[in-house]
Amino acid sequence: MVEGKVDESFGPTIGAWQEDASPGKDKRLKFLLDMLGLDVIPNANVRYQLLHRAASAVVEAKRFHAVAALLLVHSFRERRAGWPDYEAFLKLFGVQAAIAKTQALPSASSLPLFSAWVPGDRSYLDR
């Protein structure tokens with residue numbers, strides 16, 4: 001799963017996403033956490049989009065019988081909009097985020113999950 005970013009955020013936090021949560025939203029959050037092998041509800045400040053994209057990577061990897069899943073954030077700005085959110089997400093797995101490095105996200109998931117934050121060539125923004 002590739003998530004491309006320039007200056008936009010990773011969307012609402014889990015706390016904002018859960019406001020007035022329906023039973024369907026509660027069920028969806030549980031599904032995402034199960035896909036990621038996480039057994040606790042993350043801090044309300046964690047971005048929902050990161051949970052969703054990582055879980056989507058696992059779902060798609062399973063669908064194509066891959067041996068592992070990867071969440072890749074391709075960032076095109078030097079100021080790294082969303083970096084603190086990415087760091088908070090990786091902390092759910094006990095991992096210190098690093099730039100341009102593929103990192104294993106230890107979990108109880110049945111499929112290995114990796115993540116990477118990759119800086120893009122900003123010259124492509126000027127075209």
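Not measured: the values here are computed from a predicted model. (Residues numbered from 1 in each chain as written. Predicted model: local features only at pLDDT ≥ 70, side-chain atom pairs only at ≥ 80, totals over all residues. Heavy atoms only, no water.)

## Focus on the packing of helix α3 (residues 48-63) against helix α4 (residues 83-91)
No. 1: Their axes nearest at 10 Å, the elements α3 and α4 cross at an angle of 55 degrees. With respect to α4, the element α3 is oriented oblique. α3 and α4 meet at a crossing whose hand is right-handed. Facing Leu50, Leu51 and Ala54 of α3, the residues of α4 in contact are Asp85, Tyr86 and Phe89.
No. 2: Residue composition of the contact of α3 with α4, by class: five nonpolar, no polar and one charged. (Axes fitted to C-alpha atoms, helices over the stretch in contact; angles between N-to-C directions. Helix = DSSP H or I, 4+ residues; strand = E, 2+ residues; numbered from the N terminus. Parallel < 35°, antiparallel > 145°, perpendicular 65-115°, else oblique. Left-handed = near helix turned anticlockwise from the far one by under 90°. Contact = heavy atoms within 4.5 Å. Nonpolar A, V, L, I, M, F, W, Y, C, P; charged D, E, K, R; others polar.)

## Concerning the nonpolar core
No. 1: Core analysis: the biggest nonpolar cluster contains 32 residues, and Leu36, Leu51, Phe89, Phe93 and Leu113 have the highest contact counts within it.
No. 2: Of all the secondary structure elements, the ones that give two or more residues to this core are α1 (14-17), α2 (23-36), α3, β2 (69-75), α4 and β4 (113-119).
No. 3: Here the element with the most residues in this core is α3; it accounts for eight residues.
No. 4: With sequence-adjacent residues up to four places away left out, Leu51 is seen in contact with Ile14, Leu29, Leu33, Leu36, Leu38, Pro42, Phe89 and Leu92. (Core = buried A, V, L, I, M, F, W, Y, C linked by side-chain atoms within 4.5 Å. Buried < 20%, exposed > 50% of the residue type's maximum accessible area, 1.4 Å probe, protein only.)

## Comments concerning the side chain of Ser109
No. 1: Relative to the helices and strands, Ser109 is located in the loop between β3 (103-104) and β4.
No. 2: Judged by relative accessible area, Ser109 falls into the buried class, the value being 15%.
No. 3: A distance of 3.3 Å separates a polar atom in the side chain of Ser109 from the backbone oxygen of Leu111.
No. 4: The residues contacting Ser109, other than those within four sequence positions of it, are Met35, Leu36, Gly37 and Val58. (Polar contact = N/O pair within 3.5 Å; in protein donor to acceptor, adjacent residues only side chain to side chain.)

## Focus: the packing of α2 against α3
No. 1: For the pair α2 and α3, the least separation of the axes is 9 Å and the interaxial angle reads 60 degrees. Judged on the interaxial angle alone, α3 and α2 are oblique. Here α2 and α3 pass one another in a crossing that is left-handed. Contact with α2, carried on its side by Arg28, Leu29, Phe31, Leu32, Leu33, Met35 and Leu36, involves Tyr48, Leu51, His52, Ala54, Ala55, Val58, Val59 and Lys62 of α3 and no other residues of that element.
No. 2: Here the residues of the contact of α2 with α3 are counted per class, giving 12 nonpolar, one polar and two charged.

## Topic: the packing of aromatic side chains
No. 1: The tally for this structure, following the rule as stated, stands at five aromatic pairs.
No. 2: Relative to Tyr48, the ring of Trp17 has its centre 4.1 Å away and its plane inclined at 15 degrees; by these criteria the two rings are stacked. Taken together, the positions of Trp17 in helix α1 and Tyr48 in helix α3 put the pair 31 residues apart, joining distant regions of the chain. The same class applies to Trp17 and to Tyr48, which are both buried. (Phe/Tyr/Trp six-rings, centres within 6.5 Å; stacked < 30°, edge-to-face > 60°.)

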